[in-house]
Amino acid sequence: MKINCRCAVFIIWWSITNLIMFAKGSAPCEISDIAKAETYFHDAFAASFDEKKMSSDSKQLMYCLKNKDEALTLAEIPKCVKPRYCLLCRVAMHTLISTFKQLKQVPQQLKPGILQVTQGLCRLAEYPKEYCADLINIFIVSDFQQSSLVLAKTIYLQDSILEILKTNDHITSHDICALPLGPIGCVQEPTGASVDPIKLDDFNFKSTVSVAYNKTWPTKILHITDIHYDPKYVGGVESEEVVKQCKKMFGCCRVGNTGKPDETYWGNYNHCDTPKTLLEASLKKIAEQHSDAKMVYLTGDLVRHHITELDFETLKADTDYVLGLFIEIFKDIPIVFAIGNHDTDVFGMFSSGSDSSNAGQSKVYKYYQSWIEKLWKNGQITRKPREIEWPQNGEGYYSIPTKERLRLIVLNSNVAYMYNWWLLADPNLYHAQLQWLQDTLARAEQQHQKVHILSHIAPNHYSLLPSWSQQFQRIVERYRNTITAQFNGHSHLTEFAMFYDSQKPTEPIGVAWNGGSLTPHSFHNPNYHVAMLESGKFSVSTLETYTIDLGKANKDSSKVPDWELSSNMTEEFRLMDLSLKSLDELVQRMTKNESVMQQYWRYAVKKGPRSVSELSGECKVALLCGIVSTDGKNKAKCEGLLKGTNWSQGTGICALQKY
């Protein structure tokens, strides 16, 4: 059941509004009671959308869902950004849950019944038959004559479904839609148990007193993220229809059918992931240009966006190739890896790593633990490296105390990802990790260590649950003197996020750097960062962005593209340094100067195809508030900044869809 919910949410989230056309009813599209709308849709579905068998209420609802030109309002959620998406999610999830409850006492009918509903929703959304079949194969496989690999995966998923439902048999459509659609205003918070607060150690002044160390720290760090390697990449330029289709199927560049393959030999902006040609050539060039780098921070998403192709064996094959390449090319450099939300065999399934059954992701975490050990020991053959400190539960997060008084803490933020369906079973799923983070920071503080935190999903990204962000904010506030930098990925943008004191909103207390992406997906120039660390303090003193102009590179497929210095942040924005004070002054400057906002957008999109001549007021608001939105749903800092702007803020939604 759980998997079916996830399947249908995918269908809805990626623009399903192509339902059956009905004659317009007399009532306007004003939904005063979502619960009644859920019933109307369920009745229409049960009637196979036969107009002769449907009530007038069901017909009217179907008309409102279909017709995008018809204004639709939800009385219960008046400020909803995309009411049609919200309503579609609620009614579809209600139908799936109702079907499960009706059939769960009859095991032999449960699977065929759920299959019928899921297939029906998928086909109503006008997805290709083959793609619907792929989704079904991932989530509910009906043909047990398939390969042993598919069968094994099916058993694993069925165990996950049973485990989730056994833990929480009161899941509602509201609960499910609160995860992926909460950020656009569909709901305020998921229902259910509240998340326990993290217990913070008391402040100890003695432990925060600075200790002088010899300034011998080698300073250069390479930050590479979001590779999204696609071993099946096909050169060529897809037709408009193919692009439209493959966007719905979460990945293009498999069926290039117009133009010459050489035109996209090094990659393709159009929703395409990283081909082997770009990956191998890029890593070799990066290693050659920065042979003096002392560590590589690799912040996740090694794997392609094609979620329907992934299983455990495919995940291992792709990951083995990419990480093996890193070890081969960066021969003398330790590599620190954070798991990304796509680095999994089943998208949206980040469960506990301590389970002994087929349910959950223990085998995935064990697989990555082995690789993480190899990556950290890379280049440290001549001396014994510091041992990685793993928590007892082994859920993909860990800590490394380096000999230079710098501790690295690597988080698995995917457990708080809005598509992690295990949160429906246990809202406290990530509590243990955050408590471990607090305890590890307390030890670092006592030992006068500075800390870098690595995590795939940036703390200001909307896809993190507000409750995680709020707890994380509390931890950063408490250990502001210990945490000197954070490094993230996920958004594919070269951004930064600022933390501020909750009691003194004008006082900056921390910064997180986003590394952008190696993949050109979607409409990005590939990039990586070079961070220079301030000697003895380990804060970032210089940040350089290197990019490949993909359009230029593809004009000559015989020449390996050059990585060029696109920007040095201090020079780009005329900053004295990259201290918290200077970065805060940059944020303040953005409120007064539209040209700085425009400049920051070009910087974030790596001066590539997504650059626009002028940002709308709505996009300036999204960009500015995105920098300071690190505290869940607390918008006080954002609202305070907006009061000081001297440019038009607009009244609608940012068309660039930054996130």
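For the structure itself, consult the block above.
One structure accompanies this document, and this report is about it. (Residues numbered from 1 in each chain as written. Predicted model: local features only at pLDDT ≥ 70, side-chain atom pairs only at ≥ 80, totals over all residues. Heavy atoms only, no water.)

So, on to the overall build of the protein. Each helix and strand counted, the protein has 21 helices and 14 strands in total. Across the 659 residues in the protein, those meeting the buried criterion constitute 60%. Within the structure as shown, the protein displays about 26,800 Å² of accessible surface, and the carbon and sulfur contribution to it stands at 50%. (Helix = DSSP H or I, 4+ residues; strand = E, 2+ residues; numbered from the N terminus. Buried < 20%, exposed > 50% of the residue type's maximum accessible area, 1.4 Å probe, protein only. Areas by Shrake-Rupley, 256 points an atom, 1.4 Å probe, with all protein chains shown as cover.)

Turning our attention to the side chain of Ser 58. Positionally, Ser 58 belongs in helix α3 (residues 56–66). At a separation of 3.0 Å, a polar atom in the side chain of Ser 58 contacts the main-chain carbonyl oxygen of Tyr 40. Filtering out sequence-adjacent residues up to four positions away, Ser 58 remains in contact with Tyr 40, Asp 43 and Ala 44. (Polar contact = N/O pair within 3.5 Å; in protein donor to acceptor, adjacent residues only side chain to side chain. Contact = heavy atoms within 4.5 Å.)

The next point concerns the packing of aromatic side chains. What describes a pair of aromatic rings is the distance from one ring centre to the other and the angle between the planes of the rings. Applying the stated criterion to the full structure yields 24 aromatic pairs. Seen from their ring centres, Tyr 430 and Trp 468 are 5.5 Å apart, and the 75° between their planes marks the pair as edge-to-face. Separated by 38 residues along the polypeptide, Tyr 430 in the loop between β7 (406–410) and α14 (431–446) and Trp 468 in helix α15 (residues 466–478) bring together distant segments of the chain. Accessibility expressed as a relative area gives 1% for Tyr 430, which makes it buried. Overall, the relative accessible area of 3% leaves Trp 468 in the buried class. One aromatic cluster is present, built from ring pairs that chain together Phe 496, Trp 513, Phe 573, Tyr 600 and Tyr 603. Sitting over the ring of Tyr 479, Arg 478 keeps its end group 4.3 Å from the ring centre. In this structure, Lys 637 is placed above the aromatic ring of Tyr 500, and the distance from its NZ or CZ to the ring centre is 4.0 Å. (Phe/Tyr/Trp six-rings, centres within 6.5 Å; stacked < 30°, edge-to-face > 60°. Lys NZ or Arg CZ within 6 Å of the ring centre and 35° of its normal.)

Without other data, these values stay purely geometric and don't point to any function.
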